[in-house]
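Single-letter residue listing:
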Amino acid sequence: MRVVLAVAAVLLVMGAAPAAAAPPPAPETLCKVTDSRLGELSGLASDGEHWYAINDGGTKVQVFVLNHSCAVQKVLSASTDPYDVEDVARAADGTLWLSDTGDNSHKRSTVALMELKPSGGSVTLHRLTYPDGPHDTEALLLDRSGTPYLVTKEVFGDSAVYRPTGPLATPGPTKLEKVGSLTIHDTGTPGGPVGAFGSVLVTGGATSADGTVVALRTYTDAYLYPAPDGDVLAALKRNPVRVPLPNEKQGEALAFEPDGTLLSGSEGVGQPLRAVKNATSLVPAAPQREAAKPSAASGAGGSGSDDSPGVPWLPAAGIAVAVVLGGWFVVSRLRRRPRR
(Lines give C-alpha, C1' and ligand atoms only; values in the text may rest on other atoms or scores of the structure.)
Protein backbone atom coordinates (compact mmCIF):
# COMPACT_ATOMS: atom_id res chain seq x y z
CA MET A 1 0.00 0.00 0.00
CA ARG A 2 2.87 2.39 0.81
CA VAL A 3 4.32 1.76 -2.65
CA VAL A 4 0.98 2.55 -4.28
CA LEU A 5 0.57 5.74 -2.26
CA ALA A 6 4.10 6.86 -3.06
CA VAL A 7 3.57 6.25 -6.75
CA ALA A 8 0.29 8.16 -6.66
CA ALA A 9 1.97 11.08 -4.90
CA VAL A 10 4.72 11.26 -7.48
CA LEU A 11 2.25 11.10 -10.34
CA LEU A 12 0.27 13.96 -8.81
CA VAL A 13 3.44 16.05 -8.57
CA MET A 14 4.45 15.21 -12.14
CA GLY A 15 0.99 16.00 -13.46
CA ALA A 16 -1.19 14.04 -15.84
CA ALA A 17 0.20 13.02 -19.21
CA PRO A 18 -0.36 15.76 -21.81
CA ALA A 19 -3.18 15.26 -24.25
CA ALA A 20 -2.31 14.46 -27.86
CA ALA A 21 -1.96 17.55 -30.04
CA ALA A 22 -4.98 18.34 -32.17
CA PRO A 23 -4.49 17.71 -35.88
CA PRO A 24 -3.87 20.80 -38.01
CA PRO A 25 -6.88 22.24 -39.82
CA ALA A 26 -7.58 21.06 -43.35
CA PRO A 27 -6.64 23.49 -46.13
CA GLU A 28 -9.50 25.65 -47.43
CA THR A 29 -9.93 26.57 -51.07
CA LEU A 30 -9.57 30.31 -51.67
CA CYS A 31 -9.98 30.44 -55.44
CA LYS A 32 -8.96 28.58 -58.60
CA VAL A 33 -6.20 29.52 -61.01
CA THR A 34 -7.96 29.48 -64.38
CA ASP A 35 -5.58 31.63 -66.43
CA SER A 36 -4.06 29.37 -69.09
CA ARG A 37 -0.75 31.23 -68.80
CA LEU A 38 -0.28 29.72 -65.35
CA GLY A 39 -0.74 26.08 -66.20
CA GLU A 40 2.48 24.99 -64.50
CA LEU A 41 2.33 26.87 -61.20
CA SER A 42 5.52 25.97 -59.36
CA GLY A 43 6.30 28.80 -56.93
CA LEU A 44 4.36 31.33 -54.87
CA ALA A 45 5.07 34.35 -52.66
CA SER A 46 2.86 36.93 -50.94
CA ASP A 47 3.07 40.51 -49.70
CA GLY A 48 -0.37 40.38 -48.08
CA GLU A 49 -2.09 42.27 -50.91
CA HIS A 50 -0.89 40.28 -53.92
CA TRP A 51 0.33 36.79 -54.73
CA TYR A 52 3.38 36.38 -56.94
CA ALA A 53 3.28 33.18 -58.98
CA ILE A 54 5.72 31.54 -61.37
CA ASN A 55 5.53 28.71 -63.85
CA ASP A 56 7.82 25.72 -63.96
CA GLY A 57 10.37 26.30 -66.76
CA GLY A 58 9.64 28.90 -69.43
CA THR A 59 11.60 30.77 -72.10
CA LYS A 60 11.73 34.12 -70.32
CA VAL A 61 11.36 35.44 -66.80
CA GLN A 62 7.70 35.91 -65.89
CA VAL A 63 6.13 36.57 -62.51
CA PHE A 64 2.33 36.69 -62.49
CA VAL A 65 0.81 39.08 -59.96
CA LEU A 66 -2.54 37.75 -58.72
CA ASN A 67 -5.29 39.28 -56.64
CA HIS A 68 -7.06 37.27 -53.97
CA SER A 69 -9.54 35.94 -56.52
CA CYS A 70 -6.67 34.23 -58.40
CA ALA A 71 -7.02 36.68 -61.30
CA VAL A 72 -3.83 37.87 -63.00
CA GLN A 73 -3.47 41.64 -62.49
CA LYS A 74 -0.16 42.09 -64.31
CA VAL A 75 2.96 40.21 -65.37
CA LEU A 76 6.49 41.19 -64.35
CA SER A 77 8.80 40.06 -67.12
CA ALA A 78 12.35 40.22 -68.42
CA SER A 79 14.01 38.84 -71.51
CA THR A 80 16.39 36.57 -69.59
CA ASP A 81 15.87 32.98 -70.76
CA PRO A 82 15.94 30.65 -67.72
CA TYR A 83 16.57 26.92 -67.88
CA ASP A 84 14.06 25.63 -65.31
CA VAL A 85 12.64 28.02 -62.70
CA GLU A 86 11.13 26.07 -59.79
CA ASP A 87 10.51 28.40 -56.84
CA VAL A 88 10.18 32.05 -55.87
CA ALA A 89 10.79 33.85 -52.57
CA ARG A 90 10.16 37.45 -51.54
CA ALA A 91 12.83 39.28 -49.56
CA ALA A 92 12.09 41.85 -46.86
CA ASP A 93 12.72 44.71 -49.31
CA GLY A 94 10.21 43.28 -51.79
CA THR A 95 12.79 41.83 -54.17
CA LEU A 96 11.62 38.60 -55.80
CA TRP A 97 14.17 35.80 -55.96
CA LEU A 98 13.60 33.17 -58.64
CA SER A 99 15.24 29.79 -58.21
CA ASP A 100 16.38 28.55 -61.63
CA THR A 101 17.55 25.27 -60.13
CA GLY A 102 15.47 22.54 -61.75
CA ASP A 103 17.52 19.72 -63.27
CA ASN A 104 15.52 16.55 -63.80
CA SER A 105 18.30 15.00 -65.91
CA HIS A 106 21.10 15.98 -63.50
CA LYS A 107 23.23 17.47 -66.25
CA ARG A 108 23.57 21.20 -65.47
CA SER A 109 27.06 22.49 -64.75
CA THR A 110 25.56 25.60 -63.10
CA VAL A 111 22.21 26.65 -61.65
CA ALA A 112 21.09 30.21 -60.93
CA LEU A 113 19.24 32.61 -58.70
CA MET A 114 17.68 35.68 -60.29
CA GLU A 115 16.69 38.94 -58.61
CA LEU A 116 13.68 40.83 -59.91
CA LYS A 117 12.32 44.04 -58.40
CA PRO A 118 8.53 44.16 -57.88
CA SER A 119 8.40 47.04 -60.32
CA GLY A 120 9.82 44.75 -63.00
CA GLY A 121 12.74 45.63 -65.25
CA SER A 122 16.01 43.84 -65.76
CA VAL A 123 17.05 40.70 -63.91
CA THR A 124 20.24 40.33 -61.86
CA LEU A 125 21.67 36.87 -62.51
CA HIS A 126 23.73 34.86 -60.02
CA ARG A 127 25.10 31.55 -61.27
CA LEU A 128 25.90 28.84 -58.73
CA THR A 129 27.85 25.57 -58.70
CA TYR A 130 27.40 22.56 -56.43
CA PRO A 131 30.52 21.06 -54.81
CA ASP A 132 29.47 17.47 -55.58
CA GLY A 133 27.84 17.47 -59.00
CA PRO A 134 24.35 18.28 -60.33
CA HIS A 135 21.16 18.15 -58.26
CA ASP A 136 17.49 18.71 -59.00
CA THR A 137 16.31 21.42 -56.61
CA GLU A 138 12.79 22.85 -56.31
CA ALA A 139 12.83 24.55 -52.89
CA LEU A 140 14.30 27.97 -52.07
CA LEU A 141 14.44 29.41 -48.54
CA LEU A 142 15.59 32.93 -47.60
CA ASP A 143 16.66 33.77 -44.08
CA ARG A 144 16.23 37.19 -42.44
CA SER A 145 19.50 38.46 -43.87
CA GLY A 146 18.55 37.37 -47.38
CA THR A 147 20.91 34.39 -47.48
CA PRO A 148 19.46 31.74 -49.82
CA TYR A 149 19.26 28.04 -48.99
CA LEU A 150 18.55 25.37 -51.60
CA VAL A 151 16.93 22.06 -50.62
CA THR A 152 17.25 19.24 -53.13
CA LYS A 153 14.51 16.95 -54.42
CA GLU A 154 15.52 13.33 -53.80
CA VAL A 155 13.58 10.23 -54.80
CA PHE A 156 14.15 8.47 -51.46
CA GLY A 157 13.49 11.56 -49.32
CA ASP A 158 17.10 12.22 -48.22
CA SER A 159 17.43 15.86 -49.22
CA ALA A 160 20.58 17.97 -48.99
CA VAL A 161 20.76 21.63 -47.96
CA TYR A 162 23.14 24.05 -49.72
CA ARG A 163 24.00 27.72 -49.40
CA PRO A 164 26.52 30.03 -51.09
CA THR A 165 30.05 30.08 -49.67
CA GLY A 166 30.09 33.88 -49.82
CA PRO A 167 28.45 36.93 -51.40
CA LEU A 168 26.72 36.19 -54.70
CA ALA A 169 28.70 37.19 -57.75
CA THR A 170 27.10 38.62 -60.88
CA PRO A 171 26.88 36.60 -63.02
CA GLY A 172 29.24 34.29 -61.14
CA PRO A 173 29.44 31.44 -60.63
CA THR A 174 29.51 31.41 -56.83
CA LYS A 175 30.30 28.11 -55.15
CA LEU A 176 27.69 26.41 -52.99
CA GLU A 177 28.52 24.37 -49.90
CA LYS A 178 26.54 21.54 -48.38
CA VAL A 179 25.52 22.61 -44.88
CA GLY A 180 22.99 19.99 -43.86
CA SER A 181 20.58 17.25 -44.77
CA LEU A 182 17.10 16.11 -43.80
CA THR A 183 14.93 13.07 -44.34
CA ILE A 184 11.26 13.10 -45.31
CA HIS A 185 9.27 9.90 -44.76
CA ASP A 186 6.25 8.49 -46.56
CA THR A 187 3.03 9.72 -44.97
CA GLY A 188 0.28 8.07 -46.97
CA THR A 189 -1.35 11.43 -47.71
CA PRO A 190 -3.03 11.10 -51.13
CA GLY A 191 -2.06 13.30 -54.05
CA GLY A 192 0.69 14.06 -56.51
CA PRO A 193 1.63 12.53 -59.86
CA VAL A 194 3.99 9.77 -58.70
CA GLY A 195 2.12 7.71 -56.11
CA ALA A 196 3.78 6.97 -52.77
CA PHE A 197 7.00 8.71 -53.80
CA GLY A 198 5.08 12.00 -53.82
CA SER A 199 5.18 12.32 -50.05
CA VAL A 200 8.99 12.28 -49.85
CA LEU A 201 9.94 14.58 -52.76
CA VAL A 202 10.63 18.18 -51.70
CA THR A 203 8.89 20.44 -54.23
CA GLY A 204 8.84 23.89 -52.62
CA GLY A 205 9.75 26.06 -49.65
CA ALA A 206 8.78 29.23 -47.83
CA THR A 207 9.79 31.38 -44.85
CA SER A 208 7.31 33.32 -42.72
CA ALA A 209 7.38 37.11 -42.98
CA ASP A 210 9.10 37.49 -39.60
CA GLY A 211 11.51 34.63 -40.32
CA THR A 212 10.45 32.55 -37.31
CA VAL A 213 8.95 29.62 -39.24
CA VAL A 214 10.54 27.76 -42.14
CA ALA A 215 8.43 25.48 -44.34
CA LEU A 216 9.13 22.79 -46.91
CA ARG A 217 6.56 20.89 -48.90
CA THR A 218 6.23 17.67 -50.84
CA TYR A 219 3.51 16.83 -53.33
CA THR A 220 1.28 15.87 -50.38
CA ASP A 221 2.37 17.56 -47.15
CA ALA A 222 3.97 20.68 -45.70
CA TYR A 223 6.51 20.65 -42.86
CA LEU A 224 6.78 23.68 -40.57
CA TYR A 225 10.03 24.13 -38.61
CA PRO A 226 10.47 26.56 -35.68
CA ALA A 227 13.11 29.26 -36.28
CA PRO A 228 12.67 31.70 -33.38
CA ASP A 229 16.04 33.32 -34.04
CA GLY A 230 15.61 33.34 -37.83
CA ASP A 231 18.30 30.69 -38.35
CA VAL A 232 17.18 28.49 -41.26
CA LEU A 233 19.81 25.82 -40.76
CA ALA A 234 19.10 25.52 -37.04
CA ALA A 235 15.38 25.26 -37.82
CA LEU A 236 15.91 22.35 -40.19
CA LYS A 237 17.57 20.38 -37.37
CA ARG A 238 14.37 20.47 -35.35
CA ASN A 239 11.34 18.22 -35.66
CA PRO A 240 8.64 19.85 -37.79
CA VAL A 241 4.89 20.08 -37.55
CA ARG A 242 3.38 18.20 -40.50
CA VAL A 243 0.41 19.80 -42.27
CA PRO A 244 -1.26 17.46 -44.78
CA LEU A 245 -2.13 19.00 -48.16
CA PRO A 246 -4.11 16.11 -49.63
CA ASN A 247 -5.35 15.61 -53.17
CA GLU A 248 -3.32 18.27 -54.96
CA LYS A 249 -2.72 17.21 -58.55
CA GLN A 250 0.94 18.28 -58.58
CA GLY A 251 1.51 20.45 -55.53
CA GLU A 252 4.70 22.49 -55.80
CA ALA A 253 3.82 26.04 -54.69
CA LEU A 254 4.06 27.13 -51.05
CA ALA A 255 4.02 30.55 -49.37
CA PHE A 256 3.19 32.35 -46.14
CA GLU A 257 0.91 35.33 -45.85
CA PRO A 258 2.22 38.04 -43.48
CA ASP A 259 -0.40 36.96 -40.91
CA GLY A 260 0.96 33.39 -40.79
CA THR A 261 -1.54 31.76 -43.14
CA LEU A 262 0.03 29.00 -45.24
CA LEU A 263 -0.78 29.01 -48.97
CA SER A 264 -0.41 26.05 -51.31
CA GLY A 265 -1.02 25.51 -55.01
CA SER A 266 -0.69 22.94 -57.76
CA GLU A 267 0.24 22.76 -61.42
CA GLY A 268 -2.73 22.53 -63.79
CA VAL A 269 -5.23 25.06 -65.10
CA GLY A 270 -8.26 25.21 -62.83
CA GLN A 271 -6.44 23.94 -59.74
CA PRO A 272 -7.20 25.69 -56.43
CA LEU A 273 -5.07 27.89 -54.25
CA ARG A 274 -5.65 26.71 -50.70
CA ALA A 275 -4.95 28.13 -47.26
CA VAL A 276 -4.30 26.84 -43.75
CA LYS A 277 -5.10 29.83 -41.57
CA ASN A 278 -2.78 30.77 -38.69
CA ALA A 279 -0.45 27.95 -39.66
CA THR A 280 2.53 29.52 -37.91
CA SER A 281 0.67 29.24 -34.61
CA LEU A 282 0.79 25.44 -34.97
CA VAL A 283 4.54 25.47 -34.48
CA PRO A 284 5.65 24.96 -30.86
CA ALA A 285 8.49 26.88 -29.28
CA ALA A 286 11.89 25.56 -30.28
CA PRO A 287 14.03 23.70 -27.74
CA GLN A 288 16.89 25.61 -26.18
CA ARG A 289 19.52 22.99 -26.96
CA GLU A 290 20.57 22.35 -30.55
CA ALA A 291 21.70 19.11 -32.14
CA ALA A 292 25.31 18.18 -31.42
CA LYS A 293 26.43 18.35 -35.04
CA PRO A 294 25.68 21.77 -36.54
CA SER A 295 26.38 20.54 -40.07
CA ALA A 296 23.69 17.88 -40.07
CA ALA A 297 20.09 18.99 -40.15
CA SER A 298 17.40 16.39 -39.75
CA GLY A 299 13.65 16.58 -40.11
CA ALA A 300 11.49 13.54 -39.49
CA GLY A 301 8.36 13.85 -41.55
CA GLY A 302 5.36 11.59 -41.61
CA SER A 303 5.07 10.84 -37.92
CA GLY A 304 2.03 12.93 -37.08
CA SER A 305 0.71 16.45 -37.08
CA ASP A 306 2.91 17.63 -34.21
CA ASP A 307 6.34 16.03 -33.97
CA SER A 308 7.84 18.47 -31.46
CA PRO A 309 10.71 16.90 -29.49
CA GLY A 310 10.77 16.37 -25.75
CA VAL A 311 11.45 13.80 -23.06
CA PRO A 312 8.59 11.24 -22.92
CA TRP A 313 6.46 11.77 -19.84
CA LEU A 314 6.32 8.20 -18.64
CA PRO A 315 10.09 7.54 -18.39
CA ALA A 316 10.50 10.84 -16.55
CA ALA A 317 7.82 9.79 -14.07
CA GLY A 318 9.59 6.46 -13.63
CA ILE A 319 12.87 8.16 -12.76
CA ALA A 320 11.14 10.36 -10.19
CA VAL A 321 9.44 7.36 -8.59
CA ALA A 322 12.77 5.57 -8.44
CA VAL A 323 14.29 8.49 -6.56
CA VAL A 324 11.39 8.64 -4.12
CA LEU A 325 11.10 4.92 -3.45
CA GLY A 326 14.62 3.69 -4.10
CA GLY A 327 13.10 0.38 -5.06
CA TRP A 328 13.91 -1.60 -8.18
CA PHE A 329 10.41 -3.12 -8.25
CA VAL A 330 8.72 0.19 -9.06
CA VAL A 331 11.49 1.32 -11.41
CA SER A 332 11.24 -1.81 -13.54
CA ARG A 333 7.61 -1.08 -14.28
CA LEU A 334 7.68 2.65 -14.86
CA ARG A 335 10.74 2.97 -17.11
CA ARG A 336 9.14 1.29 -20.09
CA ARG A 337 9.54 3.21 -23.31
CA PRO A 338 6.17 4.47 -24.62
CA ARG A 339 4.96 3.57 -28.08
CA ARG A 340 5.90 5.85 -30.94
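Scope of this entry: the structure provided in the associated data block.

1. A look at the pattern of salt bridges
Tallied over the entire structure, the rule returns 7 salt bridges. Here D35 ties to R37 by a salt bridge, and the two come within 2.9 Å at their closest N and O atoms. The exposure class of R37 is partly exposed, given its relative accessible area of 44%. With a closest N to O distance of 2.9 Å, E248 and R217 form a salt bridge. In this pair, E248 sits in the loop between β17 (241–244) and β18 (251–256) while R217 sits in strand β15 (residues 213–217), placing the two residues 31 residues apart along the sequence. Note on accessibility: E248 and R217 belong to one class, buried. Among the charged side chains, a network of salt bridges with common partners joins R217, E248 and R274.

2. Observations regarding the pairing of strand β12 (residues 158–164)
Counting buried positions along β12 yields 5 of 7 residues, so the element is predominantly enclosed. Two elements, strand β11 (residues 148–152) and β12, share 2 bridges in a ladder whose sense is antiparallel. Pairing of V151 across the sheet is with V161, part of β12. Linking β11 back to β12 in an antiparallel pair, the connection comprises 5 residues, with G157 at a positive phi of about 85 degrees. Here β12 pairs with strand β13 (residues 174–183) via 7 bridges, running antiparallel. By the bridge assignment for β13, Y162 is matched with K178.

3. Some thoughts on the sheet that holds strand β7 (residues 96–100)
Strands sit in the order β6-β7-β8-β9-β13-β12-β11-β10 across an open sheet of 8 strands; the sheet is mixed. Here the strands that pair on one side only, and so sit at the sheet edges, are β6 (87–90) and β10 (137–142). Each strand axis lies, on average, 30 degrees off the axis of its neighbour in the sheet, ignoring direction. When β6 meets β7, the two strands line up antiparallel, connected through 4 bridges. Counted as the bridge partner of A89 is W97 from β7.

What counts, and at which threshold
Residues numbered from 1 in each chain as written. Predicted model: local features only at pLDDT ≥ 70, side-chain atom pairs only at ≥ 80, totals over all residues. Heavy atoms only, no water. Salt bridge = Lys/Arg side-chain N within 4 Å of Asp/Glu carboxyl O. Buried < 20%, exposed > 50% of the residue type's maximum accessible area, 1.4 Å probe, protein only. Helix = DSSP H or I, 4+ residues; strand = E, 2+ residues; numbered from the N terminus. Pairing = 2+ DSSP bridges. Axes fitted to C-alpha atoms, helices over the stretch in contact; angles between N-to-C directions.

Note that every value here comes from positions in space, so none of it alone points to a role or purpose.
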